[in-house]
Amino acid sequence: MKASTQAQAFADNPAEFFHFDINEMGSIDRSEMEALQLSALQIRFDALRNEVPMLKKLADEQDINALDCVEDAVPLLFEHTMYKSYPASLLEKGRFAQINKWLNKLTSHDISKIDVSHCRTIDDWLGVMEAESPLRLTHSSGTSGTMSFLPHSADEYDALGQTMTVSNLQRFGEAPSDDPVQVIFPHFRSGYGAMLRGNDIIVKYIAKGEENFHAAYPGHMSSDVLYLAARIRAAQAKGALDRLKINDEMMARKKEFEQIEAEMPHRIEAFYAELFKKLEGQRIYTTGTWNLLHNMATQGLEQGQEALFASNSIVLTGGGAKGITPPPNWQEDVCRFLGIPALKMGYGMSEVFAINPMCSQGRYHLLPWVIPFILDPETSVPLPRKGVVTGRAAFFGLLARHAWGGFITGDEVTIDWDSACPCGQTTWHLDPMIQRFTDKTGDDDKITCAATPGAHQEAMTFLANLDQ
């Protein structure tokens, strides 16, 4: 296969390129991986340079017309605040046609002719976009009071689903299996939020059928309610709750959601109890925060239950109750209760479309279709791609086909560019100690862009100007 053809195949479907096998993926020669990544990055840039208006503006301002090395993409990376840079008042007032004008500059899909003038709520708007555009818009939880909206497409989600059969379901050193897996999901079946949006591809590629997907709540999580809750939290933090205007309809929805949240612990307990009996001995796939999983395991172990499921079951986890330190034995308790050798930890973000799995040695291995950059925290200039380096993480996710996949994070990470991991995988790996710069400094994280002075500000002004 010619190098250009090979790179195109890698960019179009990385899971298929590695024959849906994490062992093949994790054994790729680094020099081969670097060559593939550069070629695939060039393919993405050439295809999107003049098709994504925001990328075109940024590239024009700096006269960038080709990428000769991966570092050439750094001045074109988007800040992590890019996808919530629309005027906040647009969402508050339901001016979705204006938000679409903003979104239209971040995707190669033309959504300018979609009529959303009749939409009164976020759910209305997202439903229309789902039905009438190639986009499958995803939003953040809005904890800052403003939701991020990511213009991912249906075909990009499909590619993500295929990669999940490798990165999420398999462990390096074990033979992959193509059998359906029983999925236990302790939340709503569907929604437009980042946590719920992926359920459709999990049904398709992991459960391989709706009958194998078990959600605690079969319904749809309202984006309006999530946004309202975020606005209330933001107003409380500012001491401005008395000035927050909420109409009667949304207040009723808020009370409905609060009742669901209040009943959730009992509902989840009953949900687990039913499925543990029904699926005992089978291979399962589930996810949950450490405190949810540990509470579940503690109750089961106290009742004499152990090794409930097949040993090749997969449990994804991370995070948990803020301000509470996990007990030192929580992972061992969960594994003993469920009957699995280890939990599956991962590091990722919705913007990059990847969950980079932790290996047996406690290192996060970057998937080959994720190109890493480590930037100086003060200047965003790329640091050397050699040795052990600590700095601001930035990534280019090659699964993005219709939006620009370059993204600067708010995370401080340490990467080992040179050493092989004792687990046997050849891919680049991160130290498990990852922290947000806001948590480290206690201040707002102000990112300095590595673009030519003024270029990024010009591009942001262009993005915010909805008359263009």
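Above this text you will find the structure in question.
Structure report, in brief. (Residues numbered from 1 in each chain as written. Predicted model: local features only at pLDDT ≥ 70, side-chain atom pairs only at ≥ 80, totals over all residues. Heavy atoms only, no water.)

### Focus: the overall build of the protein chain
Cut-off, in case you're wondering: The numbering of helices and of strands both runs from the N terminus, where a helix is a DSSP run of H or I of at least 4 residues and a strand a run of E of at least 2. Note on method: radius of gyration uses C-alpha positions; expected globular size equals 2.2 Å times residues raised to 0.38. Partly exposed describes any residue whose relative accessible area lies between the buried limit of under 20% and the exposed limit of over 50%, with all areas from a 1.4 Å probe on protein chains only and scaled to the type maximum. Here, two residues are considered to be in contact whenever any of their heavy atoms come within 4.5 Å of each other. Using a 1.4 Å probe, the Shrake-Rupley method yields the accessible areas, and only the shown protein chains count as cover for residues. Asp and Glu count as negative and Lys and Arg as positive, but His and the ends of the chain are not part of the count. Lys charges are placed at NZ, Arg charges at CZ, Asp charges at CG and Glu charges at CD.
Secondary structure summary: the protein chain contains 17 helices and 15 strands in total. What you see for the protein chain is a C-alpha radius of gyration of 22 Å, in line with the 23 Å of a compact globule of 468 residues. Its C-alpha atoms give the protein chain principal-axis dimensions of roughly 65 × 60 × 40 Å. Counting over 468 residues, the protein chain shows a buried share of 54%. Within the protein chain, contacts between residues at least 6 apart in sequence are counted, and of these 71% link residues at least 24 apart. With the model as given, the accessible surface of the protein chain reaches about 20,800 Å², and the carbon-plus-sulfur share is 50%. Positive and negative charge centroids in the protein chain, built from 42 and 61 side chains respectively, lie 5 Å apart.

### Points about empty space enclosed by the protein
Worth spelling out the cut-off: Site definitions follow a grid-based scheme: protein atoms alone, a 1 Å grid, a 1.4 Å probe that fits but cannot get out for cavities, and for pockets an open set with protein on both sides within 12 Å along at least five of seven lines, plus lining residues having an atom within 4 Å of a point. Grid points are joined across faces, edges and corners, and a volume is the space filled by probe spheres set on the points. Amino acids are sorted into nonpolar (Ala, Val, Leu, Ile, Met, Phe, Trp, Tyr, Cys and Pro), charged (Asp, Glu, Lys and Arg) and polar (every other residue, Gly among them).
Applying the stated rule across the entire model yields two cavities of 30 Å³ or more. The calculated volume of the largest cavity comes to roughly 90 Å³. Lining the largest cavity are Y83, L150, P151, H152, E156, E351, A400, A403, W404, G405, G406 and F407. By residue class, the composition of the lining of the largest cavity is seven nonpolar, three polar and two charged. Volume-wise, the second largest cavity comes out at about 30 Å³. Surrounding the second largest cavity, G348, M349, V352, A354, N356, V370 and F395 form its lining. For the lining of the second largest cavity, the secondary-structure elements that each account for two or more residues are β8 (344–349) and β9 (354–357). Of the residues contributing to the lining of the second largest cavity, the split by class is five nonpolar, two polar and no charged.

### Observations concerning the packing of aromatic side chains
Centre distance and the angle of the planes are the two values used to describe a pair of aromatic rings. For the record, the criterion: Under the pairing criterion, centres of Phe, Tyr and Trp rings, with the six-membered ring standing for Trp, must be within 6.5 Å; the plane angle then separates stacked pairs below 30 degrees from edge-to-face pairs above 60, leaving the rest tilted. Geometrically, a charge over a ring is one whose NZ (Lys) or CZ (Arg) sits within 6 Å of the ring centre while staying within 35 degrees of the ring normal.
One pass over the full model with this rule turns up 21 aromatic pairs. Taken together, a centroid distance of 6.1 Å and an interplanar angle of 65° make the contact between F45 and W404 edge-to-face. Within this pair, whereas F45 is found in helix α4 (residues 30–48), its partner W404 is found in the loop between β12 (388–397) and β13 (406–416), the two being separated by 359 residues in sequence. Linked through ring pairs, Y86, F96, W102, W125 and F149 together constitute an aromatic cluster. Over the ring of F213 we find R189, and its NZ or CZ is 5.2 Å from the ring centre. Directly above the ring of F373 sits R385, whose terminal nitrogen or CZ lies 5.6 Å from the centroid.

### Here we look at the nonpolar core
Put simply, the test is: In this description, a nonpolar core means a group of buried Ala, Val, Leu, Ile, Met, Phe, Trp, Tyr and Cys residues linked to one another through side-chain atoms lying within 4.5 Å.
With 143 residues, the main nonpolar core has W125, Y285, W369 and F373 as its most contacted residues. Top contributing element to this core by residue count: helix α13 (residues 248–278), with eight residues. Sequence-distant contacts of W369, defined by excluding residues within four places in its chain, comprise F10, P14, F18, M25, T163, F353, A354, F396, G397, L398 and L399.

### Focus on the sheet that holds strand β5 (residues 213–221)
Rules: Between any two strands, pairing holds if DSSP finds at least two bridges. Angles here are taken between N-to-C directions and fall from 0 to 180 degrees, while the axes themselves are lines fitted to C-alpha atoms, restricted in helices to the stretch in contact.
Strand order in the open sheet formed by six strands is β5-β4-β6-β7-β8-β9, with mixed pairing between adjacent strands. Sheet topology places β5 and β9 at the edges, where each strand pairs with a single neighbour. The average undirected angle you get between the axes of adjacent strands in this sheet is 30°. One ladder, built from six bridges, connects strand β4 (residues 182–191) with β5; its direction is parallel. Across the sheet, F185 pairs through a bridge with A215, a residue of β5.

### Topic: unusual backbone geometry
We note that D63 has phi near 55°; this positive angle belongs to a residue other than glycine. Assessed through its relative accessible area of 60%, D63 is described here as exposed. Its identity as a non-glycine residue notwithstanding, F353 has a phi of 60°, on the positive side. By secondary structure assignment, the location of F353 is in the loop between β8 and β9. The exposure class assigned to F353 is buried, which follows from its relative accessible area of 6%.

### What to know about the pattern of salt bridges
Using the following cut-off: By salt bridge we mean one thing: a side-chain nitrogen of Lys or Arg within 4 Å of a carboxyl oxygen of Asp or Glu.
What the rule picks out here adds up to 15 salt bridges. We note a salt bridge from R401 to D155, for which the minimum N-O separation is 3.8 Å. Of this pair, R401 sits in the loop between β12 and β13 while D155 sits in helix α9 (residues 154–167), placing them 246 residues apart in sequence. Note that E210 is salt-bridged to R189, the shortest N-O span being 2.7 Å. With a gap of 21 residues between them, E210 in the loop between α11 (199–207) and β5 and R189 in strand β4 connect regions that are remote in the sequence. Residue E210 is classed as partly exposed on the basis of its relative accessible area, which comes to 42%. Taken together, the salt bridges that share partners define one network made up of R49, K56 and D60.

### Looking at the packing of helix α14 (residues 290–302) against helix α15 (residues 330–338)
Put simply, the rule is: Here the word oblique covers every angle except those under 35 degrees (roughly parallel), over 145 (roughly antiparallel) and from 65 to 115 (roughly perpendicular). Crossing handedness is read from the near helix: turned anticlockwise from the far helix by less than a right angle, it gives a left-handed crossing, and turned clockwise, a right-handed one.
At a minimum axis separation of 9 Å, α14 and α15 run at an interaxial angle of 55°. For the element pair α14 / α15, the angle class is oblique. α15 is crossed by α14, and the crossing has left-handed handedness. Here W290, L293, H294, M296, A297, G300 and L301 of α14 come into contact with α15, specifically with W330, D333, V334, R336, F337 and L338.

Such coordinate-based values are descriptive only and should not be taken to indicate function.
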